[in-house]
Amino acid sequence: MNNFHYINPTQICFGRGEIAALGGLVPTSARLLVLYGGGSIKTNGVYEQLEQALSHHQWHGFGGITANPEFDVLMQAVELVRRERIDYLLAVGGGSVIDGAKFVAAAACFEGQSPWALLEGARVEAALPLGCVLTLPATGSESNPVAVISRGDAKLSFRHPLLQPGFAILDPSVTFTLPPRQVGNGVVDAFVHVLEQYLTYPVQADVQDRLAEGLLLALLENGPRALSEPDNYEVRANIMWAASLALNGLIGRGVPHDWSTHAIGHQLTALYGLDHAQSLAVVLPSLLRAQARSKQDKLIQLGRRVWQSSREDTALQIEESILRIEGFFRQMGVATRLGDYGLGEPAIAAVCSNLKRFGLIRLGEHGDLDPERVARILAQAL
Ligand code: NZQ
Ligand code: ZN
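All residue numbers refer to positions counted from 1 along the written sequence of the respective chain. Chain A is the first chain written and ligand 1 is the first ligand written, with later ones labelled in order. Whole-chain, interface and lining totals are the exception, using all residues; otherwise, since this is a predicted model, local features are given only for residues with pLDDT of at least 70 and side-chain atom pairs are given and counted only at 80 or more. Just so you know, side-chain values use all the structure's heavy atoms and leave hydrogens and water out.

- In the annotation of an unreviewed UniProt entry, the entry for the chain reads Iron-containing alcohol dehydrogenase, and the organism field reads Aeromonas schubertii.

Shown next, in the form of structure tokens:
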């Protein structure tokens, strides 16, 4: 096991009715801005719960944060923050709204020329405090210090401990209104987060491996049930907690990571608008086949421990693990080929050119994935 430091300071309030706890979590003296998305919270009862919980607070609202939050929209929120001297942010939504709020928190305190510099490596020196109410289990953004922001055909991330939400309210019953596409997306995204911290090479990290395998099993068991039994609270609760633990820092401490599927997938989203999880479902299976040799021990362990498969032949065992992953994505309604999204050959060159543009030229746990190899991987995903 590798050395590590671990802290996760986000207070989690989990369960039915927990939005009512907001009143005690946000200081009543705060000048509060509530950020939300395209309107789902106005039709599913979440907004009313907010109004009730914050009835003793003074607050402004900022709606219209889109999926894959856009810099230009977020800058309007930054203006509002400055104009109204806002000193506390509350994000209410999925990963896009929470990431957007993290950007606003840092951008409002940024003293350089354009806050876009934060995405290009400028240091976060200060940020407004932030809490969140999660409505879509997927990204883990509710209890991690990362934000992913889009601007035209650029989709970049930044991270800083100051971006970590102080609290996160996770009420599984607010996810009953998710359309099946977002249920599938969320489960696939969380599943890939676990795999990108697990499918590398063994470092005798038994605890992290067993935690990861447990989360994968929970997602495999509950994901399809969320589609077939959409009103089942316990199913929703297990998905919500699994997705949060998948990317709150815990399972990734002390082990190697491979975020190459995310790095490549972000280009597909930025260039062609694929949903985040769709982009991952396209990239991961081909990438695993291309990297099967260096990942073979973990691919075999995955098949044995998660699907109880016991093939003697190493190559067959590895292929079975990859086929199982791919099959699960499809079962969750997320297609796995570029062609399924109307994309062909030209997309491959465009993705590789974007990777070069952003310096993403040595991906993977061994830094051995350059844009030429990425092109071959994507060609296998046509
Ligand atoms: O905008 P509204 O009307 O709220 O609708 C949203 C949106 O259209 C809808 N939705 C959310 N909760 C709902 C609901 N509809 C009905 N009922 C509810 N309870 O779902 C749609 C998608 O929402 P979005 O927030 O975009 O989805 P997700 O949570 O999957 O977030 C994706 C974003 O997070 C980034 C992705 O790149 C993408 O930009 N990620 C952030 C990460 C992080 N911060 O650590 C890591 C991830 O790997 C990921 O990259
Ligand atoms: Zn993701």
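**Looking at the packing of aromatic side chains**
Aromatic ring pairs: the centre-centre distance and the angle between the two ring planes describe each pair.
Turning to step 1, where the next piece is worked out: Centres within 6.5 Å make a pair out of two Phe, Tyr or Trp rings, where for Trp the six-membered ring is used; the pair is then stacked when the planes are under 30 degrees apart, edge-to-face when over 60, and tilted otherwise. By the definition in use, this model includes eight aromatic pairs.
Turning to step 2, where the next piece is worked out: Relative to phenylalanine 328, the ring of phenylalanine 191 has its centre 4.8 Å away and its plane inclined at 50°; by these criteria the two rings are tilted. Here phenylalanine 191, found in helix H6 (residues 180–196), pairs with phenylalanine 328, found in helix H12 (residues 314–331); they are 137 residues apart in sequence, far enough to count as distant. Across this residue pair, the class does not change: phenylalanine 191 and phenylalanine 328 are buried.
Turning to step 3, where the next piece is worked out: Through pairs of rings, three or more aromatic residues link up here, namely Phe71, Phe103, Trp116 and Phe158.
Turning to step 4, where the next piece is worked out: Two limits define a charge over a ring: the Lys NZ or Arg CZ must be within 6 Å of the ring centre, and within 35 degrees of the ring normal. Between arginine 16 and the ring centre of tyrosine 233, over which it is positioned, the NZ or CZ distance is 4.1 Å.
Turning to step 5, where the next piece is worked out: Directly above the aromatic system of tyrosine 47 lies the positively charged group of lysine 42, at a separation of 4.7 Å from the ring centroid. A helix here means a DSSP run of H or I that spans at least four residues, while a strand means a run of E at least two residues long, and both kinds are numbered starting from the N terminus. The buried label applies to any residue whose accessible area, calculated with a 1.4 Å probe on protein chains only, is under 20% of its type's maximum; exposed applies above 50%, and partly exposed to all values in between.

**So, the side chain of threonine 261**
Turning to step 1, where the next piece is worked out: When you line up the elements, threonine 261 lands in helix H9 (residues 260–272).
Turning to step 2, where the next piece is worked out: Classification of threonine 261 by relative accessible area gives buried; the value is 0%.

**Quick look at helix H13 (residues 345–357)**
Turning to step 1, where the next piece is worked out: What a helix is expected to span follows from its residue count: subtract one and scale by 1.5 Å. End to end, H13 covers 19 Å across 13 residues, agreeing with the expected 18 Å (1.5 Å per residue, within 8%).
Turning to step 2, where the next piece is worked out: Looking at H13, one finds that the buried residues are Ala347, Ile348, Val351, Cys352, Asn354 and Leu355. What you see down the axis of H13 is that its buried residues fit within an arc of 160°, all on one side. Exposed side chains of H13 directed beyond 90 degrees from the buried face belong to Glu345, Pro346 and Ala349.
Turning to step 3, where the next piece is worked out: Phi for glycine 359, located one or two positions after H13, is positive at around 70°. This arc is taken over the directions from the axis of the helix to the C-beta atoms.

**Regarding the UniProt feature "domain: Alcohol dehydrogenase iron-type/glycerol dehydrogenase GldA" (unreviewed entry) in the chain**
Turning to step 1, where the next piece is worked out: Residues annotated in UniProt with the feature "domain: Alcohol dehydrogenase iron-type/glycerol dehydrogenase GldA" (unreviewed entry) correspond here to residues 9–172.
Turning to step 2, where the next piece is worked out: Regarding residues 9–172, the helix share stands at 26% and the strand share at 26%, and the terminal C-alpha atoms are separated by 21 Å. UniProt positions are given in the numbering used here, feature names are shortened, and annotations may be inferred rather than shown by experiment.

**Considering the site of ligand 1**
Turning to step 1, where the next piece is worked out: Taken together, 32 residues sit near ligand 1, with Gly38, Ser40, Gly95, Ser96 and Thr135 positioned nearest.
Turning to step 2, where the next piece is worked out: In protein, a polar contact requires one atom able to donate a hydrogen and another able to accept it; more generally it is a pair of N or O atoms within 3.5 Å, and residues adjacent in sequence count only if both atoms are side-chain atoms. Within the backbone of valine 174, an N or O atom sits 3.0 Å from a nitrogen atom of ligand 1.
Turning to step 3, where the next piece is worked out: Here the accessible surface of atoms and residues is derived via Shrake-Rupley with a 1.4 Å probe, and residues count as covered only by protein chains that are part of the display. Taking 970 Å² as the accessible area of ligand 1 by itself, protein coverage stands at 88%.
Turning to step 4, where the next piece is worked out: The set of elements that each furnish at least two residues to the shell around ligand 1 consists of helix H5 (95–107), strand S6 (146–151), H6 and H9. Here, proximity means that at least one heavy atom of the residue falls within 4 Å of the molecule or strand.

**A closer look at the pattern of salt bridges**
Turning to step 1, where the next piece is worked out: In the sections that follow, a salt bridge refers to a side-chain nitrogen of Lys or Arg positioned within 4 Å of a carboxyl oxygen of Asp or Glu. Taken as a whole, this structure holds 17 salt bridges when the rule is applied.
Turning to step 2, where the next piece is worked out: With its nearest N and O atoms 3.0 Å apart, the salt bridge here joins arginine 305 to glutamate 213. With arginine 305 in helix H11 (residues 296–307) and glutamate 213 in helix H7 (residues 206–228), this pair connects stretches of sequence that are 92 residues apart.
Turning to step 3, where the next piece is worked out: Residue arginine 305 is classed as partly exposed on the basis of its relative accessible area, which comes to 30%.
Turning to step 4, where the next piece is worked out: A salt bridge links aspartate 368 to arginine 373; the shortest N-O distance between them is 3.6 Å.
Turning to step 5, where the next piece is worked out: It is possible to trace a salt-bridge network through shared partners that takes in Arg289, Glu319, Glu326, Arg330 and Arg337.

**Considering H6**
Turning to step 1, where the next piece is worked out: Between its first and last C-alpha, H6 extends 24 Å over 17 residues, near the 24 Å set by a 1.5 Å rise per residue.
Turning to step 2, where the next piece is worked out: Most of H6 sits out of view: 14 of its 17 residues are buried.

**Section: the UniProt feature "domain: Fe-containing alcohol dehydrogenase-like C-terminal" (unreviewed entry) in the chain**
Turning to step 1, where the next piece is worked out: The sites that UniProt annotates as "domain: Fe-containing alcohol dehydrogenase-like C-terminal" (unreviewed entry) are residues 186–351.
Turning to step 2, where the next piece is worked out: The span residues 186–351 carries 68% helix and 0% strand; its end-to-end C-alpha distance comes to 23 Å.

**A word on the pairing of strand S7 (residues 154–159)**
Turning to step 1, where the next piece is worked out: Strands pair, by our definition, only if DSSP identifies at least two bridges between them. Taken together, the six bridges between S6 and S7 define a ladder with antiparallel strand orientation. Across the sheet, the residue bridging to valine 146 is arginine 159, located in S7.
Turning to step 2, where the next piece is worked out: Here S6 folds back onto S7, and the loop between the two strands holds two residues, one of which, glycine 152, carries a positive phi near 60°.

**Overview of the sheet that holds strand S5 (residues 130–134)**
Turning to step 1, where the next piece is worked out: Spatially, the six strands line up as an open sheet ordered S1-S8-S5-S4-S2-S3, and their pairing is parallel. Of all the strands in the sheet, the pair left with one neighbour each is strand S1 (11–14) and strand S3 (58–62). When strand polarity is set aside, the average angle formed by the axes of neighbouring strands in this sheet is 20°.
Turning to step 2, where the next piece is worked out: Bridge count between strand S2 (residues 31–36) and strand S4 (residues 88–93): five bridges; the pairing is parallel. Paired with leucine 32 across the strands is tyrosine 88, a residue of S4. Convention adopted: a line fitted to C-alpha atoms gives each axis, helices being fitted over their contacting stretch, and angles between N-to-C directions are expressed from 0 to 180 degrees.

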